[in-house]
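Summary of the model geometry
The residues making up each chain are set out below.
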Amino acid sequence: MIKLDTNKKLLFDGFENDIFKKEFLLKEKKINIKNIINNRFKKLREIINENNFNTIIKDLNIIKHNELFESYKSSDDSLSIYYLIDDNNLFIFSYGEFQPARYILYLEGIYSLK
């Protein structure tokens, strides 16, 4: 796995209903929020090896929570972490309600799975 970019980028900041109407261009491919929110970060452990999984956690400063169930959050704003695999690219996102009725989506990092 190769780290391509770990500079956090804001993709969306607005109302929840608006994000479902928006498309995002990543590596010349259009995606939407539905492509992202079906992929919780904890399931990524089943796809990549443990060392790569832990490297992503360290690189992106992701926090693991073990309340009722295992979850992962961004360290600076406590948004839930998601992933998307497209071709050989692994995209890591954070998304959630930041303030009442205000939702935010960040691209946290991009890795190559080659």
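Above: the structure in question.
Everything in this summary refers to the structure shown in the same document. The structure presented is a predicted model; accordingly, all values stated were derived computationally and were not measured. (Residues numbered from 1 in each chain as written. Predicted model: local features only at pLDDT ≥ 70, side-chain atom pairs only at ≥ 80, totals over all residues. Heavy atoms only, no water.)

Attention now goes to the overall build of the protein chain. A count of helices and strands for the protein chain gives three helices and nine strands. Reading the secondary structure of the protein chain in the N-to-C direction produces β-β-α-β-β-α-α-β-β-β-β-β. Principal-axis analysis of the C-alpha atoms places the extent of the protein chain at approximately 35 × 35 × 25 Å. Counting the 114 residues in the protein chain, one finds 40% classified as buried. For the protein chain, the share of sequence-separated contacts (at least 6 apart) that also reach a separation of at least 24 residues comes to 54%. In the structure as shown, the protein chain presents an accessible area of about 6900 Å², 45% of it carried by carbon and sulfur atoms. Taken together, the 18 basic and 17 acidic charged side chains of the protein chain have centroids lying 2 Å from each other. (Helix = DSSP H or I, 4+ residues; strand = E, 2+ residues; numbered from the N terminus. Buried < 20%, exposed > 50% of the residue type's maximum accessible area, 1.4 Å probe, protein only. Contact = heavy atoms within 4.5 Å. Areas by Shrake-Rupley, 256 points an atom, 1.4 Å probe, with all protein chains shown as cover. Lys, Arg positive; Asp, Glu negative; His and termini not counted. Charge placed at Lys NZ, Arg CZ, Asp CG, Glu CD.)

Here serine 112 lies in strand β9 (residues 102-112). On the basis of relative accessibility, which here comes to 8%, the residue serine 112 falls in the buried class. In this structure serine 112 touches Met1, Ile2, Leu4 and Asn88, once residues within four positions along its chain are discounted.

Moving on: the pattern of salt bridges. A full pass over the atoms with the stated rule returns 10 salt bridges. Among the ionic pairs, arginine 102 bridges to aspartate 13, the shortest N-O distance being 2.6 Å. Pair noted here: arginine 102 is in strand β9 and aspartate 13 is in strand β2 (residues 9-14), with a separation of 89 residues, a long-range link. Residue class for aspartate 13 comes out partly exposed when judged on its relative accessible area of 38%. Here aspartate 18 makes a salt bridge to lysine 21, at a shortest N to O gap of 3.9 Å. One salt-bridge network, in which partners are shared between bridges, spans Lys8, Asp76 and Glu108. (Salt bridge = Lys/Arg side-chain N within 4 Å of Asp/Glu carboxyl O.)

Attention shifts here to the nonpolar core. Formed by 16 residues in total, the largest nonpolar core has its most connected members in Ile19, Ile31, Ile36, Phe91, Phe93, Tyr95 and Leu105. Those elements giving two or more residues to this core turn out to be β3 (24-26), α2 (33-37), β7 (80-86), β8 (89-99) and β9. In this structure, tyrosine 95 is in contact with Glu16, Ile19, Ile33, Ile37, Leu79, Ser80, Tyr82, Tyr103, Ile104 and Leu105, ignoring residues within four places of it in sequence. In terms of nonpolar packing, the next biggest core, distinct from the first, is built from 14 residues, Ile48, Leu60, Tyr72 and Ile81 among them. (Core = buried A, V, L, I, M, F, W, Y, C linked by side-chain atoms within 4.5 Å.)

A few words on the packing of aromatic side chains. With the rule as written, the count across this model stands at six aromatic pairs. Aromatic side chains phenylalanine 41 and phenylalanine 53 sit 4.8 Å apart centroid to centroid with 25 degrees between the ring planes, which places their arrangement in the stacked category. Remark: phenylalanine 53 occurs in helix α3 (residues 50-60) and phenylalanine 41 occurs in the loop between α2 and α3; sequence separation between them is 12 residues. Here phenylalanine 41 falls in the buried class, since its relative accessible area comes to 1%. Feature note: the residues Phe41, Phe53 and Tyr72 constitute an aromatic cluster, connected by ring pairs. Sitting over the ring of tyrosine 106, lysine 8 keeps its end group 4.2 Å from the ring centre. (Phe/Tyr/Trp six-rings, centres within 6.5 Å; stacked < 30°, edge-to-face > 60°. Lys NZ or Arg CZ within 6 Å of the ring centre and 35° of its normal.)

Okay, the side chain of glutamate 108 next. Inspection of the secondary structure puts glutamate 108 in strand β9. Polar contacts involving the side chain of glutamate 108 include one to the side chain of lysine 8, which spans 3.3 Å. Here the side chain of glutamate 108 touches serine 94 through a polar contact of 2.6 Å, side chain to side chain. Non-local contacts of glutamate 108, meaning those with residues more than four positions away in its chain, are made with Asp5, Thr6, Asn7, Lys8, Leu60, Ser74, Ile92, Phe93 and Ser94. (Polar contact = N/O pair within 3.5 Å; in protein donor to acceptor, adjacent residues only side chain to side chain.)

Take it as geometry only, folks, not as evidence of what the structure does.
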